[in-house]
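Overview (structure and organization)
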Amino acid sequence: MVIVQSNVINSSGAGGQLGIDWDINDPSVPIVTESDYDGFNEWSDGHCRYIYRATSEEAKRHSSGWAMRNTNNHNVNILKKSCLGVLVCSAGCILPNGDKIHLRPAICDKARRKQQGKACPNRLCIGGILEILPCRGHCGYPVTHFWRHTPHAIFFQAKGVHDHPRPEAKSSGETRRVLGLGRRERVLRTVQSKMNKVWLAWFVLHFRPSLLKGSFYILSSRADKRYQTVEEVIQTALHHRKGN
């Protein structure tokens, strides 16, 4: 990668530190000084440019609060990323805290297709499903981010203005908590089913050991389907005891 030997000064520079005129597609990029570096911006929006330190971990990972995926670029020295938009509820439901569902789309195409059409994870929502609200903030196309690495700096440029709400950030635990509601419910049902079987086995062993010859195995294997609560299991076991 070619580096020019002098800075080009422009008092009307766009984005980041004013004074250095450059574009991500320039054949060469300027040499920068310590005062030219910008603090990392996770939510870059609009047409902007930033110069990050080459040691910045966020810049090296090409981090962004927006859901960005790699796209083809004719210049192998420049990484191009496009915005995937945000996952929203088709019913426009409201969470208990007053916010709406704005989930982060998966980067993988297959995983993102699986996300779409799923029931809204909001327990208060009725009939809503997840759907993609695409990004069309760059002349009808997704907003694009460009990254260019040099030995002394990492150059970043964004084109377009996001026309959709922010998705949950990667570092936010809210997405995991919302999506985890269904898993917790399934775990609770599994635990309840196992408890039913344990109670059934205990009562059969203490009140009617003869059931172990056949009936017990039928009841145990179908306990999660026939008995919804521990009380029903107890009543059934007592019924078998009285009948014999």
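Looking at an unreviewed UniProt entry, the protein chain carries the name GCM domain-containing protein, with the source organism given as Anopheles maculatus.

Section: the overall build of the protein chain
Looking only at helices and strands, one finds six helices and nine strands in the protein chain. When the 244 residues of the protein chain are sorted by exposure, 38% land in the buried category. When contacts within the protein chain are restricted to residue pairs at least 6 apart in sequence, those whose partners lie at least 24 apart make up 60%.

Quick notes on unusual backbone geometry
With a phi angle near 55°, His-62 is a residue other than glycine that sits in the positive phi range. Topologically, His-62 is positioned in the loop between helix H1 (57-60) and strand S4 (68-71). On the accessibility criterion, His-62 (18% relative accessible area) is buried. The backbone phi angle of Cys-139 is positive, close to 55°, even though this residue is not glycine. Within the fold, Cys-139 resides in the loop between strand S7 (130-133) and strand S8 (144-149).

Comments concerning the sheet that holds strand S5 (residues 78-83)
Across the sheet, which stays open at both edges, the five strands sit in the order S3-S9-S8-S5-S4 with antiparallel pairing between neighbours. Since the sheet does not close on itself, it has two edges, and those belong to strand S3 (48-53) and S4, each with one partner. On average, each strand axis in the sheet is tilted by 25° relative to the strand beside it, whichever way the strands run. Strand direction decides the pairing type here: S4 and S5, joined by four bridges, are antiparallel. Counterpart to Thr-71 in the pairing with S5 is Lys-80.

Quick look at empty space enclosed by the protein
Using the criterion set out here, one finds three cavities of 30 Å³ or more in the structure. Roughly 40 Å³ of internal volume is contained in the second largest cavity. Residues belonging to the lining of the second largest cavity are distributed by class as follows: four nonpolar, five polar and one charged.

Observations concerning the packing of aromatic side chains
Across all of its chains, the model carries eight aromatic pairs by this definition. The interplanar angle of 35° and the centroid separation of 6.4 Å between the aromatic rings of Tyr-52 and Phe-156 together place this pair among those described as tilted. With a gap of 104 residues between them, Tyr-52 in strand S3 and Phe-156 in strand S9 (residues 153-159) connect regions that are remote in the sequence. Classification of Tyr-52 by relative accessible area gives buried; the value is 1%. Note on Phe-156: relative accessible area 2%, which makes it buried. Among the aromatic residues, those joined into a cluster by ring pairs are Phe-40, Tyr-50, Tyr-52, Trp-147 and Phe-156. Taking NZ or CZ as reference, Arg-49 lies 5.2 Å from the ring centre of Trp-22, over its face.

Quick word on the pairing of S5
The hairpin turn running from S4 into S5, its antiparallel successor, is six residues long. Sheet topology note: the S5/S8 ladder contains five bridges and is antiparallel. Looking at S8, one finds that Ser-82 is bridged to Thr-144.

Parameters and conventions
- Residues numbered from 1 in each chain as written.
- Predicted model: local features only at pLDDT ≥ 70, side-chain atom pairs only at ≥ 80, totals over all residues.
- Heavy atoms only, no water.
- Helix = DSSP H or I, 4+ residues; strand = E, 2+ residues; numbered from the N terminus.
- Buried < 20%, exposed > 50% of the residue type's maximum accessible area, 1.4 Å probe, protein only.
- Contact = heavy atoms within 4.5 Å.
- Pairing = 2+ DSSP bridges.
- Axes fitted to C-alpha atoms, helices over the stretch in contact; angles between N-to-C directions.
- 1 Å grid on protein atoms, 1.4 Å probe; cavity = no way out; pocket = protein on both sides within 12 Å on 5 of 7 lines; lining within 4 Å.
- Points joined across faces, edges and corners; volume = space filled by probe spheres on them.
- Nonpolar A, V, L, I, M, F, W, Y, C, P; charged D, E, K, R; others polar.
- Phe/Tyr/Trp six-rings, centres within 6.5 Å; stacked < 30°, edge-to-face > 60°.
- Lys NZ or Arg CZ within 6 Å of the ring centre and 35° of its normal.

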